[in-house]
Amino acid sequence: MTIAAHPLVDRARRLADELLAPNAERVDQGEVPVGHIDAVKRSGLLGVSAPTAYGGSAAPAPVARETAEILAGACCSTWFVQTQHHTPVQVLAKSEAPVRERLLGPLARGELMSGVAYAHLRSHPRTPVRVTRGRGGRRFDGTVPWYTGWGLNDVLLLAGTTDSGEVVFAFTEARDQPGLRASRPMRLAALTAARTVSLELDGLWLPEEAVALRMPYESWAATDRDRTVNASPAVFGVAEAALALLDEETAAPIRARLAEVRRRAYTLADEPPASEEHLTERLALRTQSYDVMRTATTAAVVAGGGRALSLDSKAQRLAREGMFLLVQGQTARSRGAHLDALTGRGPQLANGT
């Protein structure tokens, strides 16, 4: 079966064409509706990479990437809310903790949607969220600067760091509760619709049965580093959506360049990181994907002329979504590589730009 013929790819295209894309400008100026999330849950896409034994599809990586491209190109805000869900599924699939049996099935089948609160771990050695033992469980204190999908997610996967340098991931309900209070939704230049808040943690107590993962920070950081050097499928999805607004003569050379960067980036993403050179090449392709996306969205704005400045213009929405993707999943290493590339100091790949 080809990727294009996979049932989940077909469902993603129908969801994008019939619901997400027609409403994207309206959603962008408001918030992701509960109805969008219900449709994603029903589609089976939340279990795209989940084990079949728990109701997921265990689809190959190319299928997961293709569905992500489709959703991001149709409505990046909806894509961003649902993409948080896949990390908790992956964590549970590898976990041997009791919470796996309680939550993996409902998450894999789309009965529940999960958010994530762990990006703050990348600010190490600072510890925005601290974890201590107490009363047969874990106490979480501190601030989660960014949490997406508030009011849309059912549960959240929260991470913090202990005094001994261990990271702890645990699940809780995604709602205000004793020890957990959400801010008002943030007003952002892009993806305000994704309902992003900060979370104040003041003695949030979670039982040991809620813990899904514990490991030394260095081990987690190495895994996170390998994952965050890859190009995001959302970047290619937004770029493709922008190219669709151009005439073929203008779009063709950009599309060819996009296809080549995508091919090389995905080929490397499917290979184990054998060396530091391998990681550097993947990171360079991630940076190149941004460059092609920026070219595509800029071309869409230029082609749209003054009309592109209207808030109901698809071109300007895509341009702002592209700006958001420049920093989504950013680490100190990816930020440095991107700045080096922008100033001409970065490594140049063969046949690259």
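Further up the page is the structure itself.
Since we're looking at a predicted model, the values are computed, not measured.

(A) Highlighting the packing of aromatic side chains. Going through the model one piece at a time under the given rule, you end up with seven aromatic pairs. Geometrically, the ring pair formed by Tyr-147 and Trp-150 is edge-to-face, given 6.0 Å between the ring centres and 80 degrees between the ring planes. Comparing Tyr-147 with Trp-150, the two get one shared label, buried. Ring geometry for Phe-236 and Tyr-266: centres 5.4 Å apart, planes at 85 degrees, overall edge-to-face. Of the two residues, Phe-236 sits in helix H9 (residues 233–243) while Tyr-266 sits in helix H10 (residues 248–269), which places them 30 residues apart along the sequence. Tyr-266 carries the same exposure label as Phe-236, and that label is buried. An aromatic cluster is built from Tyr-118, Phe-169, Tyr-217 and Trp-220, whose rings are joined through pairwise contacts. In this structure, Arg-65 is placed above the aromatic ring of Tyr-266, and the distance from its NZ or CZ to the ring centre is 4.3 Å. When the ring centre of Trp-205 is taken as origin, the NZ or CZ atom of Arg-135, which lies over that ring, is 4.7 Å away.

(B) Spotlight on empty space enclosed by the protein. Within the structure shown, the criterion is met by one cavity of 30 Å³ or more. As a volume, the largest cavity reaches approximately 40 Å³. Of the residues in the lining of the largest cavity, the class split is four nonpolar, four polar and one charged.

(C) Just the packing of H9 against helix H12 (residues 314–327), in detail. One can describe the packing of H9 onto H12 by two numbers: an axis separation of 10 Å at closest approach and a directional angle of 160 degrees. Classified by the angle their axes make, H9 and H12 are roughly antiparallel. For the crossing formed where H9 meets H12, the hand is left-handed. Contacts between H9 and H12 involve Ala-234, Val-235, Val-238, Ala-241 and Ala-242 from the first element and Leu-318, Glu-321, Gly-322 and Leu-325 from the second. Across the contact of H9 with H12, the residue classes break down as seven nonpolar, one polar and one charged.

(D) Main features of the nonpolar core. Membership of the largest hydrophobic core comes to 63 residues, with the highest contact counts inside it found for Trp-79 and Leu-325. For this core, the element with the highest residue contribution is H9, accounting for eight residues. Beyond its immediate stretch of four places on either side in the chain, Leu-325 contacts Cys-76, Trp-79, Ala-234, Val-235, Val-238, Tyr-290 and Met-293. In terms of nonpolar packing, the next biggest core, distinct from the first, is built from 24 residues, Ala-50, Leu-107, Phe-171 and Ala-212 among them.

Parameters at a glance
Residues numbered from 1 in each chain as written. Predicted model: local features only at pLDDT ≥ 70, side-chain atom pairs only at ≥ 80, totals over all residues. Heavy atoms only, no water. Phe/Tyr/Trp six-rings, centres within 6.5 Å; stacked < 30°, edge-to-face > 60°. Buried < 20%, exposed > 50% of the residue type's maximum accessible area, 1.4 Å probe, protein only. Helix = DSSP H or I, 4+ residues; strand = E, 2+ residues; numbered from the N terminus. Lys NZ or Arg CZ within 6 Å of the ring centre and 35° of its normal. 1 Å grid on protein atoms, 1.4 Å probe; cavity = no way out; pocket = protein on both sides within 12 Å on 5 of 7 lines; lining within 4 Å. Points joined across faces, edges and corners; volume = space filled by probe spheres on them. Nonpolar A, V, L, I, M, F, W, Y, C, P; charged D, E, K, R; others polar. Axes fitted to C-alpha atoms, helices over the stretch in contact; angles between N-to-C directions. Parallel < 35°, antiparallel > 145°, perpendicular 65-115°, else oblique. Left-handed = near helix turned anticlockwise from the far one by under 90°. Contact = heavy atoms within 4.5 Å. Core = buried A, V, L, I, M, F, W, Y, C linked by side-chain atoms within 4.5 Å.

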